[in-house]
Each structure stands twice: as C-alpha cells, then as structure tokens.
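Listed below, chain by chain, are the residues.
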Amino acid sequence: MRLVIAFGGNALIREDERGTWPEQTAHAIEAAGAIARAARAHEVILTHGNGPQVGALALQQASGEPDAPALPFDVLDAMTQGEIGYLLQQAIAAVDPSLPTATVLTRVLVDPADPAFAAPPTKPIGPFYDEATARRLAAERGWHVAPDAGRGWRRMMPSPRPLEILEVHQVRVLARAGVLVIAGGGGGIPVVRRDGRLAGVDAVIDKHRCAAELATATGADLLVLVTGVARAALAFGTPAERAIARLTVADALRHLDAGEFPDGSMGPKVEAAARFVAGGGQALITDAVHVPAALRGDAGTWIVPDGDGPSVLAPAAVPA
C-alpha cells in the first residue's frame, strides 16, 4: 500500500517542555521506530505539523530586530519544513540506516479570497501563555490570540484551505522509487497566484487538511493521522468516555456537528479522515506507538465508508 502518515508538531514538543533540540530529537526517534516498520512493508509519505516550531521561529525573528530583519511568515513555514524534515530524516536513519529518505520543500496553493483571511484567525502557533500574558503580547506585537482547547492561550494565524499541492509529481516519483518522502510539512508553504506569479502569504494551513489533500493527490491507499491517544473517543475526558474502533463517515460528521471532537484537538483529524474516506480512501487515527498494531487492524480508530458496517466502540484494552 501507499500510506500518508501525518504527525503533529506537538508530537515533537510536549506541553511541559521547552522544545530544545535534544528533546525534539528524543521524541522523533520514538516515532521513527513505528515509521520505519511501516516503511519496510509499504510506500510511506510522511507529513507533519509545525505549530510549536514556527511560533518559536517567529519569536526568534522578532527578537533579532533591528539587527537582523524579520522574514515573511511563508519563509518561516519553509524554514520549518527543512528543520523538521532534517530532524525526522536523522531520527529514521538512527533506527534504520537502510531506509532512503528525502524532504521535499512543498508549496500549497490557496485562494487569496479564502474566508480565513477575513475572519478572526484560528490556527494556533507557538507556546502557551496565560490569558493576561497573551493579551499583553497581542497588544504589544499586533498578534491575534485565543484559548487553545483549554490548555492556555496562543497566537493565532489564518488557516486557508489547501487547493493544490504544487510538488505532488516530485513526491510521487520519489515514493515510487522506494524513498520515504517527507512532504507538505506544516501544512505546506501557502502561496497564491498574483499578477501571473506565485506569492507567499502569512498563514498556516491545517496539517490534517493538507495531509488529506496529499493522500488524494498521490493516490494513497491509507491516510494515517497520528495523535496523542491510541483511539479517538466519545465523551473524551469524562467518566462516560468510550474509545472508538470503527467510525462511519456519516457518524463522524454527525459527531463533529455535535461538538464531540473539538476544533483544537480531534476535530480536524476526524474531518480530514472523513473527507479522504468519502473520496474513496481509507483512514486511521492512532498514536505513534500503536501504528504497527493499527495497520494490522488491532488498534486505532478506523474511519470507514457508509454502508461498510456500523460504527463500533472499542474494548477497554488496546494491544501494543
């Protein structure tokens, strides 16, 4: 099979950490074992988020003024693609030196009239702050800030929908040649067509939407969305919590509308998975350690087409 595996930027920088390079390296090596096992049996295209990393880079840019002029945000997106691509290539080489890898700098076309550019921004980046600190920084630096899934306040950026992945041909060629490709990092570098040319814009594309587009454009058989839990759940974080083994597209959309999967956590994953499956693919949501078991059908939450059997809640134990 051809797999697109999507990791979040928060998988490399945990909430209780500063995000040092040794910390990110350790987490990347943890994830690399599961990636390598999948890549030995399948063609793998790997993509990732960049919210914590691009936010940290933006802070570094601001602190360098006026001695070093700050770069536009699309350039920061490109820089984090190289940064995290290198990190993942190094981690994969550490667990399996025989696997060829390549990072593809990936631009993604968006619509300059996308409603995301006119609405209050919704994509969180950078570190978490308490409300008072976030509001002070917003006033000082011209940021938009908002709460992020009950974990604190963060800077927010516009998040337009991806229309076209411009380097998709290069990604397909490398994947067919047996290369583990890292592409579409951070949701891709957002660009628009302007006066007959491509121009970068200040935005961060949602990595899950980009992953679904990447999976469709490359003809992937399976989209794997890696998160912090082994399975998606109903009533998450409450005494009534129940993990989900199988979820139909219709039930996924119904639960999304009902607010079961919040925007700041599981919502974008379920939305992207449902969209990809509705287009004819398969999708899986799980954490890094359970990827091999989930690919065997023993773990994770599978999103399935309507008419392919009912949604199924999971047993309490999840195989490792």
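In short, a report on the structure. (Residues numbered from 1 in each chain as written. Predicted model: local features only at pLDDT ≥ 70, side-chain atom pairs only at ≥ 80, totals over all residues. Heavy atoms only, no water.)

**A closer look at helix α1 (residues 21-41)**
Then comes step 1: Relative to the 30 Å expected for 21 residues at 1.5 Å per residue, α1 spans 30 Å between its end C-alpha atoms, a close match to the ideal helical length.
Then comes step 2: Within the sequence span of α1, burial applies to Gln 24, His 27, Ala 28, Ala 31, Ala 32, Ala 34, Ile 35, Ala 36, Ala 38 and Ala 39.
Then comes step 3: On its buried face, α1 sits against β1 (2-7), β2 (43-48), α2 (51-64), α3 (73-95), β9 (180-183) and α9 (291-295). (Helix = DSSP H or I, 4+ residues; strand = E, 2+ residues; numbered from the N terminus. Expected span 1.5 Å × (residues − 1). Buried < 20%, exposed > 50% of the residue type's maximum accessible area, 1.4 Å probe, protein only. Contact = heavy atoms within 4.5 Å.)

**Quick notes on the packing of α2 against α3**
Describing two packed helices takes the angle between their axes plus the distance from one axis to the other.
Then comes step 1: Here α2 crosses α3 at 125°, and the two axes come no closer than 9 Å. Taken together, α2 and α3 sit at an angle that is classed as oblique. When you trace α2 past α3, the crossing you get is right-handed. Of α3, the residues touching α2 (which contributes Gln 53, Val 54, Leu 57, Ala 58 and Gln 61) are Phe 73, Leu 76, Asp 77, Met 79, Thr 80, Glu 83 and Ile 84. (Axes fitted to C-alpha atoms, helices over the stretch in contact; angles between N-to-C directions. Parallel < 35°, antiparallel > 145°, perpendicular 65-115°, else oblique. Left-handed = near helix turned anticlockwise from the far one by under 90°.)

**So, the pairing of strand β14 (residues 242-248)**
Then comes step 1: In this structure, strand β13 (residues 233-234) lies alongside β14, joined through two bridges in antiparallel fashion. Across the sheet, Leu 234 pairs through a bridge with Arg 242, a residue of β14.
Then comes step 2: Note that β14 and strand β17 (residues 312-313) share two bridges and pair antiparallel. Along β17, the bridge assignment pairs Ile 244 with Leu 313.
Then comes step 3: Across three bridges, β14 lies against strand β16 (residues 301-304) in parallel orientation. Residue pairing for β16: Arg 246 is matched across the bridge by Trp 302. (Pairing = 2+ DSSP bridges.)

**Thoughts on unusual backbone geometry**
Then comes step 1: Cis peptide bonds are those with omega within 30 degrees of zero, and the linkage from Glu 65 to Pro 66 qualifies with 0°.
Then comes step 2: Backbone geometry at Asp 195 places phi at a positive 55°, although glycine is not the residue there.
Then comes step 3: Along the chain, the position of Asp 195 falls in the loop between β10 (189-194) and β11 (197-200).
Then comes step 4: In this structure, Ala 235 takes a positive phi of about 55° despite not being glycine.
Then comes step 5: Residue class for Ala 235 comes out partly exposed when judged on its relative accessible area of 23%.

**Details of the sheet that holds strand β5 (residues 123-129)**
Then comes step 1: Ordered by their spatial adjacency, three strands build an open sheet running β5-β7-β6, and the pairing between neighbours is antiparallel. The outermost strands of the open sheet, each flanked by one partner alone, are β5 and β6 (144-147). The mean inter-strand angle of the sheet, taken between neighbouring strand axes irrespective of direction, is 40°.
Then comes step 2: Pairing of β5 with strand β7 (residues 153-157), which is carried by four bridges, proceeds in the antiparallel orientation. Looking across to β7, one finds that Pro 124 is bridged to Met 156.

**A look at the packing of aromatic side chains**
Then comes step 1: Following the criterion strictly, the structure yields two aromatic pairs and no others.
Then comes step 2: Here Tyr 129 and Trp 143 contribute two aromatic rings whose centre-to-centre distance is 6.3 Å and whose plane-to-plane angle is 45°, an arrangement assigned as tilted. Of the two residues, Tyr 129 is situated in strand β5 and Trp 143 in the loop between α4 (131-141) and β6; the sequence distance between them amounts to 14 residues. Here Tyr 129 and Trp 143 have matching classes, each one buried. (Phe/Tyr/Trp six-rings, centres within 6.5 Å; stacked < 30°, edge-to-face > 60°.)

Scope: geometric values only; no functional claims are made or implied.
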